[in-house]
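Reading the structure
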Amino acid sequence: MAATDPAAGASYSRLSFRRAVCASPLRLPLSRAPPPGRLRVSSTVVALHKRNPKRLKYAAERQFTRGDAGMLRVKVEPTGEDFWKLDPVIDLINQGAVGVIPTDTVYSIVCDLSNNESIDRLRRVKGIGDSKPLSILCRSLRDIDTYTTGFPRGTNQGQANIFRAVKRIIPGPYTFILPATKQFPKQLIKHGSSTRYAKRRQVGVRIPDDPICQAILQNLDEPLICTSVKYLSEDEWILDPVIIADLYEPLGLDFIVDGGPRIADPSTVVDMTGTNPTIIRQGKGPKLDWMVAKDDEEEQSMFTFKAA
């Protein structure tokens, strides 16, 4: 293996990491070649799985393959020293691919927010119907303000400034349910009128605190639609990317970004559409003083009713 200049390698790593995780307009050049000394080992960390000939009859057809190769698997380190390996993943997402990436909680199946065909394929890969709500992985608060009505900024009439409180905890392991705006794709809300998400035009939004996820998001022109990765017959998260690849490749998954095993600790879901920010699922994100638990809100409503 060719020798590498340590000083040059360190400088390159720092530069790649800053560009990958910062929210500045600087983008990682998609055509950038890997640093010297890594050309010979890249094939050991970017593997192409062979196509499974026994694919399910009704599985989503994989759209992005090369010859007899199948799903693209890219293994990266969260330190940022090898984020240049994400370039082909970003290319595939921009072309409409459906794949799996890590977040600060569990792994998620993702695709381009504006690609209706990709959204349909994501549902088929996951095995969920049109009525199942999907969330958005956002790049910044600007994305949240674009696709939802945003967080209350407070008023002179005493309304709390929730926006200021939220800014302190994101990026982080929280999913906030907010009313959707007209900019939110109709593809995601036109079905399932029996669900409260579709009926009220609500959507869950996230800004994950994960360097790999942030490196991907900051090099895209739009947010990502996402849903957590679970076993096909069980309501249980899959935490090992190797198992995810084995189970979902035959279903038409285009790529997977391997960031190492995760812990079974999903995001905390906070409903922002009511009077108070209400936790409807306690997860990795701790309950803060401006949030109320769902049980607490129900008890408070019963007390008010009895008092009336």
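Since the model is a prediction, treat every value here as computed from it, not as a measurement.

The rules behind each value
- Residues numbered from 1 in each chain as written.
- Predicted model: local features only at pLDDT ≥ 70, side-chain atom pairs only at ≥ 80, totals over all residues.
- Heavy atoms only, no water.
- Helix = DSSP H or I, 4+ residues; strand = E, 2+ residues; numbered from the N terminus.
- Polar contact = N/O pair within 3.5 Å; in protein donor to acceptor, adjacent residues only side chain to side chain.
- Contact = heavy atoms within 4.5 Å.
- Buried < 20%, exposed > 50% of the residue type's maximum accessible area, 1.4 Å probe, protein only.
- Lys, Arg positive; Asp, Glu negative; His and termini not counted.
- Salt bridge = Lys/Arg side-chain N within 4 Å of Asp/Glu carboxyl O.
- Phe/Tyr/Trp six-rings, centres within 6.5 Å; stacked < 30°, edge-to-face > 60°.
- Lys NZ or Arg CZ within 6 Å of the ring centre and 35° of its normal.
- Arc of directions from axis to C-beta.
- 1 Å grid on protein atoms, 1.4 Å probe; cavity = no way out; pocket = protein on both sides within 12 Å on 5 of 7 lines; lining within 4 Å.
- Points joined across faces, edges and corners; volume = space filled by probe spheres on them.
- Nonpolar A, V, L, I, M, F, W, Y, C, P; charged D, E, K, R; others polar.

**Some words on the side chain of Asp210**
Structurally, Asp210 is set in the loop between strand 7 (202–206) and helix 8 (211–217). Among the polar contacts made by the side chain of Asp210, one reaches the side chain of Arg262 at a distance of 3.2 Å. Sequence-distant contacts of Asp210, defined by excluding residues within four places in its chain, comprise Pro102, Thr103, Asp104 and Arg262.

**Looking at the side chain of Arg123**
Among the secondary structure elements, Arg123 is positioned in helix 4 (residues 116–126). Asp130 provides the closest opposite charge to the buried, salt-bridge-free Arg123, at an N-O distance of 4.1 Å. Within the structure, the side chain of Arg123 is placed 2.9 Å from the backbone oxygen of Lys132, a separation counted as a polar contact. When sequence neighbours within four positions are dropped, the list of residues in contact with Arg123 reads Ile128, Gly129, Asp130, Lys132, Leu134 and Leu188.

**As for helix 4**
Because an α-helix packs 3.6 residues into every turn, residues spaced three or four apart end up facing the same way. Listed as buried for helix 4 are Ser118, Ile119, Arg121, Leu122, Arg123, Val125 and Lys126. Buried residues in helix 4 make contact with strand 4 (108–112), strand 8 (224–228) and helix 9 (241–248). Its side-chain oxygen at 3.2 Å from the backbone nitrogen of Glu117, Asn115 defines the N-terminal cap of helix 4. The positive-phi residue at the C-terminal boundary of helix 4 is Gly127, with phi of around 80 degrees.

**Points about the packing of aromatic side chains**
Overall, the coordinates contain two aromatic pairs when judged by the stated rule. Their ring planes at 85 degrees and their centres at 5.2 Å tell us that Phe151 and Phe176 sit as a pair that is edge-to-face. Residue Phe151 is located in the loop between helix 5 (141–147) and helix 6 (162–167), and its partner Phe176 is located in strand 6 (residues 174–179); the two are separated by 25 residues in the primary sequence. Phe176 matches Phe151 in its accessibility class, with the two residues each being buried. Here the basic side chain of Arg153 rests over the ring of Phe163, its NZ or CZ set 3.8 Å away from the ring centre. It is Lys230 that lies over the ring of Trp237; its NZ or CZ is 4.9 Å from the centre.

**A look at unusual backbone geometry**
With an omega of 0 degrees, the peptide bond running from Ile170 to Pro171 counts as cis. Structurally, Pro171 can be placed in the loop between helix 6 and strand 6.

**Description of helix 9**
Within the span of helix 9, buried status applies to Pro241, Ile244, Ala245 and Tyr248. Viewed end-on, helix 9 has its buried residues packed into an arc of 100 degrees, placing them on one side of the element. For helix 9, the N-terminal cap is Asp240; the gap from its side-chain oxygen to the backbone nitrogen of Val242 is 2.9 Å.

**Focus on the pattern of salt bridges**
Tallied over the entire structure, the rule returns nine salt bridges. The partner of Asp104 in a salt bridge is Arg206, with the nearest N and O atoms 2.3 Å apart. Here the residue Asp104 occupies a position in the loop between strand 3 (99–101) and strand 4, and Arg206 occupies one in strand 7, the gap between them amounting to 102 residues. Each member of the pair Asp104 and Arg206 is classed as buried. A salt bridge links Arg121 to Asp254, with the shortest nitrogen-to-oxygen separation between them at 2.5 Å. Of this pair, Arg121 sits in helix 4 while Asp254 sits in the loop between helix 9 and strand 9 (255–258), and the two are 133 residues apart along the sequence.

**Focus on the environment of Leu232**
Within the element layout of this structure, Leu232 appears in the loop between strand 8 and helix 9. Considering only alpha carbons, one finds Leu232 and Lys126, 106 residues apart in sequence, at a separation of 7.4 Å. Every residue in contact with Leu232, bar those within four places of it in the chain, is listed here: Val125, Lys126, Tyr248 and Leu251.

**Considerations on the layout of surface pockets**
Of the voids in this model, the largest pocket is the one considered here, and its volume is about 750 Å³. Along its surface, the largest pocket is lined by 31 residues, and Lys132, Pro133, Thr227, Ser228 and Arg281 are the ones closest to its centre. Sorting the residues of the lining of the largest pocket by element identifies strand 6, strand 7, strand 8 and strand 11 (278–281) as the ones contributing at least two each. Here the residues of the lining of the largest pocket sort into 15 nonpolar, nine polar and seven charged.

Geometric values such as these leave the question of function open.
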